[in-house]
Amino acid sequence: MTMPPPVYDIERPAALTAPVIFSSPHSGAFYPADFLEASRLSPLELRRSEDCYVDALFAAASKSGATLIKANYPRAFLDLNREAYELDLSMFKGHLPDFVNCSSSRVLAGLGTIPKLVSEATPIYKTTLSAEEGMQRIKDFYFPYHLALKELIHDVRSRFGFCVLVDCHSMPPLFSKGGFLPDRLIRKKGKRIDFVLGDNFGKSCDHSFMTTIHQFLNDKGYSVARNQPYAGGHITQHYGRPRQAVHAIQLEIGRDLYMDCRSLEPHQGFATLKTDLSELITLITSQEFMQQAAE
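Conventions adopted
- Residues numbered from 1 in each chain as written.
- Predicted model: local features only at pLDDT ≥ 70, side-chain atom pairs only at ≥ 80, totals over all residues.
- Heavy atoms only, no water.
- Helix = DSSP H or I, 4+ residues; strand = E, 2+ residues; numbered from the N terminus.
- Expected span 1.5 Å × (residues − 1).
- Bend = angle between axes of the 7 residues up to and from the residue.
- Pairing = 2+ DSSP bridges.
- Axes fitted to C-alpha atoms, helices over the stretch in contact; angles between N-to-C directions.
- Buried < 20%, exposed > 50% of the residue type's maximum accessible area, 1.4 Å probe, protein only.
- Polar contact = N/O pair within 3.5 Å; in protein donor to acceptor, adjacent residues only side chain to side chain.
- Contact = heavy atoms within 4.5 Å.
- pLDDT = per-residue confidence, 0-100.
- Core = buried A, V, L, I, M, F, W, Y, C linked by side-chain atoms within 4.5 Å.
- Salt bridge = Lys/Arg side-chain N within 4 Å of Asp/Glu carboxyl O.

1. Some thoughts on helix H5 (residues 131-160)
Okay, so step 1: Helix length check: H5 (30 residues) gives 42 Å between terminal C-alpha atoms against 44 Å at 1.5 Å per residue, within 8%.
Okay, so step 2: Residue Tyr-142 marks the point of greatest curvature in H5, where the axis turns by about 30°; the proline Pro-144 follows within four residues.
Okay, so step 3: Positive phi appears at Gly-161, one or two residues downstream of H5, with a value of about 95°.

Next comes the structure, spelled out in structure tokens:
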């Protein structure tokens, strides 16, 4: 019998030399058997909301003196980039606490902490879940990840005086009714957007960080947008506190750059993209970048 993995894994450097944390909250690929049984969807259909291989794309983080924290359980099971209790009341039988946020735009789109839908507005569950099960899932899987992330941020800031958090995600190349904008609205000069950088419209990190990353990606030939259609989810908004020396950036990568969006298998672009992102990691963890952050 295969033992289930821990909620998250942390890849630490041999020596912590960079005040940078990379977070991959949506790349988890372990689907519990009881979750699969409760779902009306096939494993492949469930994986369509997964940020497939994003943790692998940023595997060079620890080799550059930075830290990578990655979730092991999938977004369809529990979304770590939400408030703790963004829940759709219609999904549960039994009483949920009064403090539950049941009216956020994400809940109304079916994309709460325990999602109702995967991409393309496809319902996940055969029937309702018990309120107790929902609350227990949040306790067992949500809070451990965020506690670990908070501790990493605290440790890095205590050691270096500041912290840069890069929250790593992927985005579908085509946008439909599942809470995303139509593809035509995010085209720039006729090109599909390859990356979206989000800083909560300038609130979650210093402007110069965004400019540095944006310029690097442009120089590599990628098309880059800022804050549209993704300005940053809960992790960016909650942890990004520049006045408290914590800078958070959300980085969205077009999935078609590195994988077949139907089969979800990596294609020939994966190696090129990983090399480019490894160079970006080297830049972000460089002395020049750190000096910029310290100032």
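2. Quick look at the sheet that holds strand E10 (residues 224-226)
Either a parallel or an antiparallel arrangement is found when strands of a sheet pair, and the pairing is made through backbone hydrogen bonds.
Okay, so step 1: If you trace the seven strands from one edge of the open sheet to the other, you get E1-E3-E2-E8-E11-E9-E10, paired in mixed fashion. Of all the strands in the sheet, just strand E1 (8-11) and E10 have a single pairing partner and so form its edges. Strand-to-strand twist in this sheet, taken as the mean axis angle between neighbours without regard to direction, amounts to 20°.
Okay, so step 2: Across nine bridges, the pairing between strand E8 (residues 163-171) and strand E11 (residues 246-254) is parallel. When the bridges of E11 are listed, Val-166 appears paired with Ile-249.

3. A closer look at helix H8 (residues 269-284)
Okay, so step 1: Along its 16 residues, H8 runs 22 Å from first to last C-alpha, staying within 8% of the 22 Å computed at 1.5 Å per residue.
Okay, so step 2: Among all positions in H8, only Gly-269, Phe-270, Leu-273, Asp-276, Leu-277, Ser-278, Leu-280, Ile-281 and Ile-284 are buried.

4. Section: the pairing of E8
Okay, so step 1: E8 sits mainly inside the fold: nine of its nine residues count as buried.
Okay, so step 2: Taking every second residue as pointing to the same face, both faces of E8 are buried, with Cys-163, Leu-165, Asp-167, His-169 and Met-171 on one and Val-164, Val-166, Cys-168 and Ser-170 on the other.
Okay, so step 3: As paired strands, strand E2 (residues 20-24) and E8 are joined by four bridges and run parallel to one another. Note that in E8 the partner of Ile-21 across the bridge is Leu-165.

5. Some details on the side chain of Ser-23
Okay, so step 1: Its location among the elements puts Ser-23 in strand E2.
Okay, so step 2: Ser-23 sits in the buried class, given a relative accessible area of 0%.
Okay, so step 3: A polar side-chain atom of Ser-23 sits 2.8 Å from a polar atom in the side chain of Tyr-145.
Okay, so step 4: Those residues in contact with Ser-23 that lie beyond four places of it in its chain are Ile-69, Tyr-145, Leu-165, Val-166, Asp-167, Cys-168 and Ile-235.

6. Details of the confidence of the model for the protein chain
Okay, so step 1: Scored by pLDDT, the protein chain comes out at a mean of 91, with 92% of its residues at no less than 70.
Okay, so step 2: Under a pLDDT of 50 for its full length, residues 174-190 has, in the predicted model, 26 contacts with residues more than four places off or in other chains.

7. Things to note about the nonpolar core
Okay, so step 1: Ile-21 and Ile-114 are the most contacted members of the largest nonpolar core, which totals 41 residues.
Okay, so step 2: If you list the elements that add at least two residues to this core, you get strand E3 (67-71), H5, E8, helix H7 (234-239) and E11.
Okay, so step 3: The leading source of residues in this core is H5, at eleven residues.
Okay, so step 4: Setting aside residues no more than four positions away along its own chain, Ile-114 makes contact with Phe-77, Leu-78, Glu-86, Leu-87, Met-91, Phe-92, Tyr-125, Leu-129, Gly-134, Arg-137 and Ile-138.
Okay, so step 5: Core analysis: the second largest hydrophobic core is formed by 40 residues, Ala-18, Val-54, Val-164 and Val-224 among them.

8. A word on the pattern of salt bridges
Okay, so step 1: For the structure on display, the rule yields eleven salt bridges.
Okay, so step 2: For Arg-82, the salt bridge identified is with Asp-79, shortest N-O distance 3.5 Å.
Okay, so step 3: Residue classification places Arg-82 among the buried residues on the basis of a relative accessible area of 7%.
Okay, so step 4: According to the relative accessible area criterion, Asp-79 is buried, its value standing at 1%.
Okay, so step 5: Note that Glu-133 and Arg-137 form a salt bridge whose closest N and O atoms lie 3.2 Å from each other.

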